[in-house]
Amino acid sequence: MVIIWRGLGYLVAVIVFVCSLVGNLISNVVLGDGYYDHHKWPLAVTLIISGLICWFLGNYLRKRSDRIMIDKQTGEEIAVNQSQHTLFFIPMHWYAPILGVAAAVAVVMDFCR
């Protein structure tokens, strides 16, 4: 599988992975071994937390301005865009509603079992 990102967009996957890992460890310690594997609501909580982090971090990174660089050989100015951070062509801050929907699906799946 190829992961396509621009800027710091790969952080979406890192954030979701780390939050899910921490949520897994905490729920298994507090609620009993294997609880995270048998219930979906802890996953939903970690997805919501991940979405909030992605929203605030994505909005912060999006507000960064372009950086102007000068080519030494030609003297040309080159604008380097520092405000685009995407994962699979989706801006980082838009992963918040996507992860929110995934959390809602996980909760519904937990209650429908």
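From a predicted model like this one, the values you see are computed outputs, not experimental measurements. (Residues numbered from 1 in each chain as written. Predicted model: local features only at pLDDT ≥ 70, side-chain atom pairs only at ≥ 80, totals over all residues. Heavy atoms only, no water.)

Visitor: Looking at this structure, I do not really get the sheet that holds strand E1 (residues 5-6). What am I missing?
Guide: Think of a sheet as strands paired side by side through backbone hydrogen bonds, with each pair either parallel or antiparallel. Taken in spatial order, the three strands line up as E1-E4-E5 in an open sheet, and their pairing is antiparallel. The strands lining the two open edges of the sheet, one partner per strand, are E1 and strand E5 (90-91). The pairing of E1 with strand E4 (residues 86-87) spans two bridges and is antiparallel. Bridging across to E4, Arg-6 finds its partner in Thr-86. (Pairing = 2+ DSSP bridges. Helix = DSSP H or I, 4+ residues; strand = E, 2+ residues; numbered from the N terminus.)

Visitor: Sorry, what's going on with the confidence of the model for the protein chain here?
Guide: Note: predicted coordinates in regions of low pLDDT should not be interpreted at a detailed level. Per-residue pLDDT for the protein chain averages 89, and the proportion of residues at 70 or more is 98%. Of all helices and strands in the protein chain, the one with the weakest mean pLDDT is strand E3 (residues 77-80) (76), whereas helix H1 (residues 11-31) scores best (95). (pLDDT = per-residue confidence, 0-100.)

Visitor: In this structure, what is going on with the pairing of strand E2 (residues 67-70)? I would like to understand it.
Guide: On a regular strand, each side chain points to the face opposite its neighbour's, so the side chains alternate between the two faces of the sheet. Here four bridges tie E2 to E3, and the two strands are oriented antiparallel to one another. The partner of Arg-67 across the bridge, within E3, is Val-80. Linking E2 back to E3 in an antiparallel pair, the connection comprises six residues, with Gly-75 at a positive phi of about 75°.

Visitor: I keep staring at the packing of aromatic side chains and nothing clicks. Help me out?
Guide: For the coordinates displayed, the defined rule picks out three aromatic pairs. With 6.1 Å between their ring centres and 75° between their planes, Tyr-35 and Trp-41 make a pair best called edge-to-face. By relative accessible area, which is 37% here, Trp-41 ends up partly exposed. (Phe/Tyr/Trp six-rings, centres within 6.5 Å; stacked < 30°, edge-to-face > 60°. Buried < 20%, exposed > 50% of the residue type's maximum accessible area, 1.4 Å probe, protein only.)

Visitor: How do you make sense of the environment of Glu-76 when you look at a structure like this?
Guide: Looking at where Glu-76 falls in the secondary structure, it is placed in the loop between E2 and E3. For Glu-76, a relative accessible area of 51% puts it in the exposed group. When residues no more than four places from it in sequence are discounted, the contact partners of Glu-76 are Met-69, Ile-70 and Asp-71. (Contact = heavy atoms within 4.5 Å.)

Visitor: Teacher, can you tell me more about the nonpolar core here?
Guide: The tendency in soluble globular proteins is for nonpolar side chains to be buried side by side. Counting residues in each nonpolar core, the largest one holds 13 residues, and the members touching the most others are Val-12, Cys-54, Met-92 and Tyr-95. Not counting residues up to four positions away in its chain, the partners in contact with Cys-54 are Val-12, Ile-15, Met-92, His-93, Tyr-95 and Leu-99. (Core = buried A, V, L, I, M, F, W, Y, C linked by side-chain atoms within 4.5 Å.)

Visitor: Is there a simple way to think about H1 in this case?
Guide: Side chains three or four residues apart in an α-helix point the same way, a direct result of the helix having 3.6 residues per turn. Between the first and last C-alpha of H1 there are 29 Å, a value that for 21 residues agrees with the 30 Å anticipated at 1.5 Å per step. Turning to H1, its buried residues number three or more, namely Val-12, Ile-15, Cys-19, Ser-20, Gly-23, Ser-27 and Asn-28. Summarising the contacts, the buried residues of H1 are in contact with helix H2 (35-38), helix H3 (41-62), E4 and helix H4 (95-111). Looking at the residues trailing H1, positive phi occurs at Gly-32, about 115°. (Expected span 1.5 Å × (residues − 1).)

Visitor: Help me out: how do you make sense of the packing of H1 against H3 in this one?
Guide: A pair of packed helices is captured by two measures, namely the crossing angle of their axes and the spacing between those axes. Two elements in contact, H1 and H3, have axes whose closest approach is 9 Å; the angle formed by their N-to-C orientations is 145°. Between H1 and H3 lies a crossing of right-handed hand. In contact with Leu-11, Val-12, Ile-15, Val-16, Cys-19, Ser-20, Gly-23, Ser-27 and Leu-31 of H1, H3 contributes Trp-41, Pro-42, Leu-43, Thr-46, Leu-47, Ile-49, Ser-50, Ile-53, Cys-54 and Leu-57. The residue makeup of the contact of H1 with H3, split by class, is 14 nonpolar, five polar and no charged. (Axes fitted to C-alpha atoms, helices over the stretch in contact; angles between N-to-C directions. Left-handed = near helix turned anticlockwise from the far one by under 90°. Nonpolar A, V, L, I, M, F, W, Y, C, P; charged D, E, K, R; others polar.)

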